[in-house]
Amino acid sequence: GQELSGHHGSYTGIIKHVTMKRILTIMAAIVCLAACEKPVDTSKIIGTWSECYDDPNFIMDGTVEYTFKADGTYQVYAYDALSGNEVTRTHEYTLDGNVITLNTAATDSADSPSYTINELDDKEMSWQKVGTIYTPGSNGSDYKHFKRK
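Remember, it's a predicted structure, so these values are computed and weren't measured experimentally.

Participant: For this particular structure, what's the right way to read the environment of Gly47?
Facilitator: Turning to its location among the elements, Gly47 is positioned in strand β3 (residues 47-51). Counting along the chain gives 27 residues from Gly47 to Tyr74, while the straight-line C-alpha distance between them is 9.3 Å. Those residues within four positions of Gly47 in sequence are excluded, and the remaining contacts are Tyr66, Thr67, Phe68 and Arg148.

Participant: What is the right way to look at the sheet that holds strand β4 (residues 62-68) in this model?
Facilitator: Within a sheet, each strand pairs with its neighbour through backbone hydrogen bonds, oriented either parallel or antiparallel. Read once around its circumference, the closed barrel built from 8 strands follows the order β3-β4-β5-β6-β7-β8-β9-β10, with strand pairing classed as antiparallel. Between one strand axis and the next, the sheet turns by 35° as a mean value, whatever way the strands run. Pairing geometry for strand β6 (residues 86-96) and strand β7 (residues 99-103), over 5 bridges, is antiparallel. Within β7, the position partnered with Glu92 by the bridge is Asn103.

Participant: What is the right way to read the pattern of salt bridges from this model?
Facilitator: Side-chain pairs of opposite charge can arise where the charged atoms are in close proximity. Under the counting rule described, the total for this entry stands at 3 salt bridges. We note a salt bridge from Asp122 to Lys44, for which the minimum N-O separation is 3.6 Å. Taken together, the positions of Asp122 in the loop between β8 (114-120) and β9 (124-129) and Lys44 in the loop between α1 (11-36) and β3 put the pair 78 residues apart, joining distant regions of the chain. Classification of Asp122 by relative accessible area gives exposed; the value is 51%. You can call Lys44 partly exposed: its relative accessible area is 28%.

Rules used in this analysis
- Residues numbered from 1 in each chain as written.
- Predicted model: local features only at pLDDT ≥ 70, side-chain atom pairs only at ≥ 80, totals over all residues.
- Heavy atoms only, no water.
- Helix = DSSP H or I, 4+ residues; strand = E, 2+ residues; numbered from the N terminus.
- Contact = heavy atoms within 4.5 Å.
- Pairing = 2+ DSSP bridges.
- Axes fitted to C-alpha atoms, helices over the stretch in contact; angles between N-to-C directions.
- Salt bridge = Lys/Arg side-chain N within 4 Å of Asp/Glu carboxyl O.
- Buried < 20%, exposed > 50% of the residue type's maximum accessible area, 1.4 Å probe, protein only.

Below, the structure written as structure tokens:
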């Protein structure tokens, strides 16, 4: 296209300036939101939580429940509706700030995933696997959402 120029600079230069200013404002807002986020009260994790999602494209074919205890242990119950299998296991967990690590095996750290607790109140909780960002399709793996039972 043609550049429209006058004595105040080019039209495209003004658009670029406004766009860059808007991008910087948005980036500053994101940084503030991340930094200004209120801390998560991790003591509220104690209790039983049912894994669930509001995404109509992701339907769990069973039930997964976590029960967190104050002694640093948790119990995970899984029911597979397709096979009818039920499994209950007890493991340990650790909290470091708002990061929870599920120690599912004593020997292999790959079996001890860590999640950042993004939301935790009396009714809901959500986690994002450390080192990942939310993407559609990551429900149940990198992203977990729970409702209190």
